[in-house]
Every structure is written in structure tokens, then in C-alpha cells.
Amino acid sequence: EAQVTQNPRYLITVTGKKLTVTCSQNMNHEYMSWYRQDPGLGLRQIYYSMNVEVTDKGDVPEGYKVSRKEKRNFPLILESPSPNQTSLYFCASSLSGKHEQYFGPGTRLTVT
Amino acid sequence: AQSVTQLDSQVPVFEEAPVELRCNYSSSVSVYLFWYVQYPNQGLQLLLKYLSGSTLVKGINGFEAEFNKSQTSFHLRKPSVHISDTAEYFCAVSAVQSGSRLTFGEGTQLTVNP
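Scoring rules and cut-offs
Residues numbered from 1 in each chain as written. Chains lettered and ligands numbered in written order. Predicted model: local features only at pLDDT ≥ 70, side-chain atom pairs only at ≥ 80, totals over all residues. Heavy atoms only, no water. Contact = heavy atoms within 4.5 Å. Salt bridge = Lys/Arg side-chain N within 4 Å of Asp/Glu carboxyl O. Polar contact = N/O pair within 3.5 Å; in protein donor to acceptor, adjacent residues only side chain to side chain. Helix = DSSP H or I, 4+ residues; strand = E, 2+ residues; numbered from the N terminus. Nonpolar A, V, L, I, M, F, W, Y, C, P; charged D, E, K, R; others polar. Buried < 20%, exposed > 50% of the residue type's maximum accessible area, 1.4 Å probe, protein only. Pairing = 2+ DSSP bridges.

Student: Is there a simple way to explain the interface of chain A and chain B in this structure?
Tutor: Accessible area lost on assembly of the parts is the figure often given for the size of an interface. Counting residues at the interface gives 26 residues for chain A and 23 residues for chain B. At the surface where chain A touches chain B, the tally comes to two salt bridges. Notably, a salt bridge pairs Glu100(A) with Lys49(B), separated by 2.8 Å at the nearest N-O pair. Scanning the region where chain A abuts chain B turns up four residue pairs in polar contact (both at pLDDT 80 or more). Among the elements of the structure, β4 (31-38), β5 (42-51) and β9 (87-94) of chain A are those that each provide at least two residues to the side of chain A that touches chain B. Broken down by element, the side of chain A that touches chain B gets its largest block of residues, five residues, from β5(A). Among the residues forming the side of chain A that touches chain B, the class breakdown is eleven nonpolar, ten polar and five charged.

Student: Explanation requested: the pairing of β5(A) in the structure shown.
Tutor: Two faces belong to every sheet, and in a regular strand the side chains alternate between them. Residue and element names in this part refer to chain A. Of all ten residues in β5, seven are buried; the element is thus mostly enclosed. Here β4 pairs with β5 via seven bridges, running antiparallel. For Gln-37, the partnering residue across the bridge sits in β5 and is Leu-43. A loop of three residues connects β4 with β5, the two strands running antiparallel in sequence, and Gly-40 in this loop sits at a positive phi of about 80°. Pairing of β5 with strand β6 (residues 54-57) involves four bridges; the strand directions are antiparallel. Following the sheet pairing, Tyr-47 is matched in β6 by Lys-57. Counted between consecutive antiparallel strands, the loop separating β5 from β6 contains two residues, among which Glu-53 sits at a positive phi close to 65°.

Here it is, written out as C-alpha cells:
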């Protein structure tokens, strides 16, 4: 089944404790992206990747890192999480040049 | 840069009534337009898209949307809603030359009441 998977689905952590949210897709998509969803703000792009080893900042990149060492994986790293990063995070992927994106199920992160 | 405004944050309707969710966009370049739906505790799913051609686009679950270039709008409609249509709906835009980047609106919560 074609899908985007994210892990974990739920995470509660404390300020400053490094964490990684994994994202994997099995559709051989070149493009991958991370969004955060906050009430009243819709989805805002954090980082995106056009292909392996090619990443770029989105609209709200501060406090986040990403890497794209393999085509299928695009982990999101929070080196020192803060409470304002409490949010619902989505990973998405698409074929290059095709603007339709496929979304993962989401990761709800709470930073206390 | 592009921007999207969804004009209603919440839309309550009764079952079997028609509904329209409004979306306006701003862009200095040609764009593609999308509507996504998010059911409770799930990811986003594509409802429909406008890439080119006919300005009336039909999607899944009986939804349709009309692209109006002069009014820079892409409103979503359904003639008769069901309880199961209760969800959050997002309008999104992508510049034709952008590669795949999407800009989303703030979302509209559609609640269908019996």
C-alpha cells in the first residue's frame, strides 16, 4: 500500500531534550516536506527537500533541522525543543513536478 | 509569493443542506489550486485539484469547486451534505513553477448536524 508513515504518532517531552520524528514514504517520491498545524493558522511549511541531499527552509524553520540521506526518509530533528513547538506535525511527499502531495497521519508533539 | 484566505473559520450546516466553503488566493504568477480534507485524528486527503482546462472541477465524495481567475477564488461546494462530511477543509495553492510547494489557508471546520 502506497503511504507516508510517521513515528511516533504522539510524543510528550520536556524542554531541551533532543528528539527526532521520522518520516518514510514508499512511493519513490522525490519531494518531501514537513508542516506544522496550529489552530487558526492552517499548515505552515517547516522544511522541504527536492531530492536526496537537497533541502531548503520553508516558512517557519527556526528551531528545526532536517536531513535527506535516503530518498524514502526525511526525519525532522528538534535539537532543543521549546513549548512553542507544541503542535501537530505532518510529513508529505510528492513526485517531482506533481504538486499533489500525500500526507502522513501526523505526530502530535507536546513540549512541557 | 502566494497567500490563501479561507473566509469562514467555521461553517455549521444541517444534513442534506447545500454548503459552500470560500477560498480566495493571491499570487503574481500562475497557480494550481487544491482542496484537502482532514477528518478527525487523520492526515490530509486530496479532495480535488485545478491544474488547467475546465474551471469547474469535480472531486471525491460529491464535492466540486469552481476556479474564478478574475475574482481569484476557488470556492468548494456540495449540493447535499452528510454527517460524514464533518471535517476540516483546507484550500491550498502552488505556483506552477514552484516545484511542489504548497501554501495553505487557515482551514474551515465544517460541522454537519442532524
